[in-house]
Amino acid sequence: QVQLVESGGGLVQAGGSLRLSCAASGRTFSTYGMGWFRQAPGKEREFVGGITWSGGTTYYVDSVKGRFTISRTNAKNTVYLQMNSLKPEDTAVYYCAARKSAPTEVVVRNRPVDYDSWGQGTQVTVSS
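Residues numbered from 1 in each chain as written. Predicted model: local features only at pLDDT ≥ 70, side-chain atom pairs only at ≥ 80, totals over all residues. Heavy atoms only, no water.

Engineer: Which residues make up the environment of Ser127, and what are the values?
Structural biologist: Relative to the elements of secondary structure, Ser127 occurs in strand β11 (residues 122–127). Note on Ser127: relative accessible area 27%, which makes it partly exposed. On a C-alpha basis, the gap between Ser127 and Gly55 in space is 32 Å, while along the polypeptide they are 72 residues apart. When residues no more than four places from it in sequence are discounted, the contact partners of Ser127 are Leu11, Val12, Gln13 and Ala14. (Helix = DSSP H or I, 4+ residues; strand = E, 2+ residues; numbered from the N terminus. Buried < 20%, exposed > 50% of the residue type's maximum accessible area, 1.4 Å probe, protein only. Contact = heavy atoms within 4.5 Å.)

Right under this line is the structure:
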């Protein structure tokens, strides 16, 4: 397993942008598929998007497509979530998660149970 630490959350006005970072420990980060999830008060944890171990494939939930972008820099053991055109409904605690992946894995998993390691979360609040 890897240890994950998110950063970059905060308060932003609607229409603004934030970039979340997730730093991973360990020397095998490049073998992990990564996902971003979020959880708003009173709601279940929701998949936002993910990226395969190679960075070759990304996948997003419909509600963030065209606004959010996930990228990774394996040399820095970091995955990013760039969030643009933020809306009040994007308000939530955002979590990054890691999934040990086979070299042949080319799809993004979108269920929490598919991920082995989780960060502590970072709060994103979008004001109207």
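Here the narrative resumes.
Engineer: Residue-level account of the pattern of salt bridges, with values.
Structural biologist: Two side chains carrying opposite charge are able to pair once their charged atoms lie near each other. Within this structure, the stated rule accounts for 7 salt bridges. The salt bridge involving Arg99 is made with Glu105; its shortest N-O contact spans 2.9 Å. Exposure remark for Glu105: the relative accessible area of 12% places this residue in the buried category. Two residues, Arg109 and Glu105, come together in a salt bridge whose shortest N-O distance is 3.7 Å. Under the relative-accessibility criterion, Arg109 is labelled partly exposed at 31%. (Salt bridge = Lys/Arg side-chain N within 4 Å of Asp/Glu carboxyl O.)

Engineer: Requested: an account of the nonpolar core, with residues and values cited.
Structural biologist: Formed by 27 residues in total, the largest nonpolar core has its most connected members in Met34, Trp36, Met83 and Tyr94. Counting residues per element, the ones that place at least two in this core are β3 (18–24), β4 (32–39), β5 (46–51), β7 (68–73), β8 (78–83), β9 (92–100) and β11. Ignoring anything within four residues of it in the chain, the contact list for Tyr94 reads Glu6, Leu20, Phe37, Arg38, Val48, Phe68, Leu81, Met83, Gly121, Thr122 and Val124. The next biggest cluster of nonpolar side chains, apart from the first, holds 5 residues, and it includes Phe47, Ala97, Val108 and Tyr115. (Core = buried A, V, L, I, M, F, W, Y, C linked by side-chain atoms within 4.5 Å.)

Engineer: For the packing of aromatic side chains, give the residues involved together with the corresponding values.
Structural biologist: As enumerated under the stated definition, the model contains 5 aromatic pairs in all. Look at Phe37 and Trp118: their rings are 4.9 Å apart centre to centre, the planes differ by 55°, and that puts the pair in the tilted class. One end of the pair, Phe37, is in strand β4; the other, Trp118, is in strand β10 (residues 117–118), with 81 residues separating them in the sequence. A relative accessible area of 27% means that Trp118 is categorised as partly exposed. Taken together, the ring pairs connect Phe37, Phe47, Tyr59, Tyr115 and Trp118 into an aromatic cluster. When the ring centre of Tyr95 is taken as reference, the NZ or CZ atom of Arg45 above it lies at 3.8 Å. The aromatic ring of Trp118 is capped on one face by Arg45, whose charged end is 4.8 Å from the ring centroid. (Phe/Tyr/Trp six-rings, centres within 6.5 Å; stacked < 30°, edge-to-face > 60°. Lys NZ or Arg CZ within 6 Å of the ring centre and 35° of its normal.)

Honestly, it's all geometry; don't read function into it.
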